[in-house]
Amino acid sequence: MMNALVPFNRLDEVFDSVFSPFRTRWTNGDAALLLTPRADILEGEKEYRIHIEMPGIDRKDLSIELEDKILTVSAKREEALPEGYQALHCERADRLEYRRTFTLGRGVDPEKVSARIENGILVLTLPKADQMLPRRIEVK
């Protein structure tokens, strides 16, 4: 009787794949977890900031590219088992790939974009273009 419900077991997987920020990508027969990291976009008086969660990522594993107002942040993390150990139970993926893309408006000065990573949070600072900053007009 339970065998009749077996096709619906995969229904959960379908919904999870659509609504989850996690996707599995297969490369060379191995599964890599492809993540769309969470991000906060903040606006200050003179700049925008984007805070992106990147746990376990080192500066050397990050790639940040800006081309035609498209800002792409990507990173890879690979962890092998320590020598002399074998996996009995693993819940963490040994290969992770992060990727997030943002479209910048004309109010950002692309020449002054900067980035830093602290405690697993990537902070991108995007200064506003001069024409977007408030201007004080002197009365004569």
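If you're wondering where the values come from, they're calculated on a predicted model, not measured in any experiment.

About the cut-offs
- Residues numbered from 1 in each chain as written.
- Predicted model: local features only at pLDDT ≥ 70, side-chain atom pairs only at ≥ 80, totals over all residues.
- Heavy atoms only, no water.
- pLDDT = per-residue confidence, 0-100.
- Contact = heavy atoms within 4.5 Å.
- Salt bridge = Lys/Arg side-chain N within 4 Å of Asp/Glu carboxyl O.
- Buried < 20%, exposed > 50% of the residue type's maximum accessible area, 1.4 Å probe, protein only.
- Helix = DSSP H or I, 4+ residues; strand = E, 2+ residues; numbered from the N terminus.
- Pairing = 2+ DSSP bridges.
- Axes fitted to C-alpha atoms, helices over the stretch in contact; angles between N-to-C directions.

A. Main features of the confidence of the model for the chain. On average, residues of the chain carry a pLDDT of 77, and 71% of them reach 70 or more. Of the regions scoring below 50 in pLDDT, residues 1-17 engages in zero contacts with residues more than four places distant in sequence or in other chains.

B. Examining the pattern of salt bridges more closely. All chains considered together, the criterion is met by six salt bridges. Of the charged contacts in the structure, one is a salt bridge between R49 and E47, with a shortest N-O distance of 3.1 Å. Across the salt bridge formed by D61 and K60, the nearest N and O atoms sit 3.5 Å from each other. According to the relative accessible area criterion, D61 is partly exposed, its value standing at 26%. Taking relative accessible area as the criterion, K60 reaches 67% and is therefore assigned exposed.

C. Geometry of the environment of D68. Of note, D68 is situated in the loop between β5 (62-67) and β6 (70-78). On the basis of relative accessible area, D68 is assigned to the exposed category, the value being 68%. Along the primary structure D68 and P110 are separated by 42 residues, whereas in three dimensions their C-alpha atoms are 9.6 Å apart.

D. Representation of the sheet that holds strand β3 (residues 39-43) in the model. With antiparallel pairing, four strands are arranged side by side in an open sheet as β3-β4-β9-β8. On the outer flanks of this sheet lie β3 and β8 (114-118), each paired with one strand and no other. Here the average twist between neighbouring strands, direction ignored, is 15 degrees. Pairing geometry for β8 and strand β9 (residues 121-127), over five bridges, is antiparallel. Directly across from I117, in β9, lies its bridge partner L122.

E. Fine view of unusual backbone geometry. Not every positive phi belongs to a glycine, and K69 is a case in point at roughly 70 degrees. Among the structural elements, K69 can be located in the loop between β5 and β6. We classify K69 as partly exposed; its relative accessible area is 33%. Look at N119: it is not a glycine, yet its phi comes out positive at around 50 degrees. Here N119 is to be found in the loop between β8 and β9. On the basis of relative accessible area, N119 is assigned to the exposed category, the value being 82%.

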